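Examining the three-dimensional arrangement
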Amino acid sequence: MGIDANKILRPKRMTFQFVEEGKWTRDAENLKLKSLFGEAKERELKVKQAQLAKAKDDINPNLIEVSERVPRKEKPKEPIPDVEWWDANVLINGEYGDIADGSITESHLKIEKLTHYIEHPRPIEPPAEAAPPPPQPLKLTKKEQKKLRTQRRLAKEKDKQEMIRQGLLEPPKAKVKMSNLMKVLGAEATQDPTKLEKEIRTAAAEREQAHTDRNAARKLTPAEKREKKERKLFDDPTTIETIVSVYKIKKLSHPKTRFKVEMNARENRLTGCSVMTDGMSVVVVEGKSKAIKRYGKLMLKRINWEEAEKKEGKDDMEEDDEEETNGENKCWLVWQGSVAKPSFHRFHVQQCLTESSAKKVFMDAGVVHYWDLAVNYSDD
């Protein structure tokens, strides 16, 4: 039929033809010399390159023998069991021989094994690394939060108006007041003004009462108020570590001032100590940031330390008829920072006769450096 056998046969697969190193560079140089000096100079350069390649004993990558690919061994399949494990517990003989014809009767099964319960296999997590934590939400400023709230309310109102326009929601009734009576009702307002005024005032009273009831339903009980206030003050989720403040006081011997220092620390759930000596007193408090801030206002602003010393001097003068002049009394914030965990379990007051016994109080708690900071602190 005149069929060419060469065209029918599958052509031989083309093999990779690697480019020798420097081939394109040599071709470019030959073309450049040919354009400048002619074909004679080009032939001379080709002869030199051939001699240089022979001297270097270069190997043509196209002549490298490529080994045959080794076939990949397939993983052997598990043999098919004679009886599946989920059927072995139900069959009496534990084999399929009795039900080869396909008919199953109660005599072939263990009826006591058949229940209405479903056995779920225990889920096993895949052997992979745990997923990274989700990204934290971006902290917005007060202005941005207000802007987002306004946009959400506008979008909600727009959706409501669209549903009213489509007839899915019933339009709200007009809010009639004494000020817009004629504008809303028009001619109806002049038919029976007395009756209409009574209805308007009744509706306004109902709206006001509903508003009061909603506020009363949202109002917190005294216990909930107390819990909310304590949560805001003492359960600060933003700070995990403990904040520590070290105060140095020249004289802390007035009973009223001592009571304020101790009771405010306990009310703010602060731990620490108040160590008093004849030369000076050191107060250390540990706790959350908001409680520490409140206590700092007490120590540095609310207590009048000079007045406390004057009152004490007046009492001593009445008792002993002698006035002691110890200079101006003052309180200094020596250091404030954060630590990993608190060093004290509660707030306690310690009266020490010597500085060594006062230092031992801090040494027992493992924070002797607080005492050293207070001793070496100067107001300059």
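This report concerns the structure included in the present document. (Residues numbered from 1 in each chain as written. Predicted model: local features only at pLDDT ≥ 70, side-chain atom pairs only at ≥ 80, totals over all residues. Heavy atoms only, no water.)

Quick look at the sheet that holds strand β1 (residues 242-249)
Backbone-to-backbone hydrogen bonds pair the strands of a sheet. The strands run either parallel or antiparallel. Strand order across the open sheet formed by five strands is β4-β1-β3-β2-β5, with mixed pairing between neighbours. At either end of the open sheet lies a strand with only one pairing partner, and these are β4 (331-339) and β5 (347-351). Here the strands of the sheet are splayed against their neighbours by 10° on average, with no regard to which way each runs. Direction of pairing for β1 relative to β4: antiparallel, over a ladder of eight bridges. Each residue of the ladder has a partner; that of Val244, found in β4, is Gly337. Helix-sheet contacts for helix α9 (residues 255-267) involve β2 (271-276), β3 (281-287) and β5, and the interaxial angle to β5 is about 155°. (Pairing = 2+ DSSP bridges. Helix = DSSP H or I, 4+ residues; strand = E, 2+ residues; numbered from the N terminus. Axes fitted to C-alpha atoms, helices over the stretch in contact; angles between N-to-C directions. Contact = heavy atoms within 4.5 Å.)

Some points on the pattern of salt bridges
Tallying each qualifying case throughout the model produces seven salt bridges. The shortest N-O distance in the salt bridge between Arg201 and Glu197 comes to 3.1 Å. With Arg201 and Glu197 both in helix α7 (residues 193-218), this residue pair falls four residues apart, about one helical turn. Take Glu197: its relative accessible area is 31%, and that puts it in the partly exposed class. Close ionic contact of Arg266 with Glu262 constitutes a salt bridge, the shortest N to O distance being 2.8 Å. Taken together, the residues span about one helical turn, with Arg266 and Glu262 both in helix α9 at a distance of four residues. Judged by its relative accessible area of 41%, Arg266 falls in the partly exposed class. (Salt bridge = Lys/Arg side-chain N within 4 Å of Asp/Glu carboxyl O. Buried < 20%, exposed > 50% of the residue type's maximum accessible area, 1.4 Å probe, protein only.)

Some thoughts on the packing of helix α8 (residues 222-234) against helix α10 (residues 289-302)
For any two helices packed against each other, the geometry is given by the interaxial angle and the distance between the axes. At a minimum axis separation of 6 Å, α8 and α10 run at an interaxial angle of 90°. Relative to α10, the element α8 is oriented roughly perpendicular. Only Lys290, Ala291 and Arg294 of α10 make contact with α8, whose side of the interface consists of Lys232, Leu233 and Phe234. Class assignment of the residues belonging to the contact of α8 with α10 gives a composition of three nonpolar, no polar and three charged. (Parallel < 35°, antiparallel > 145°, perpendicular 65-115°, else oblique. Nonpolar A, V, L, I, M, F, W, Y, C, P; charged D, E, K, R; others polar.)

Quick word on helix α13 (residues 368-376)
Think of an α-helix as turning once every 3.6 residues; residues three or four places apart then point the same way. Among the residues making up α13, those that are buried are Tyr370, Trp371 and Ala374. Looking down the long axis of α13, one finds its buried residues gathered within 95° of arc, a one-sided arrangement. For α13, the secondary structure elements touched by its buried residues are β1, β3, β4 and α12 (355-365). (Arc of directions from axis to C-beta.)

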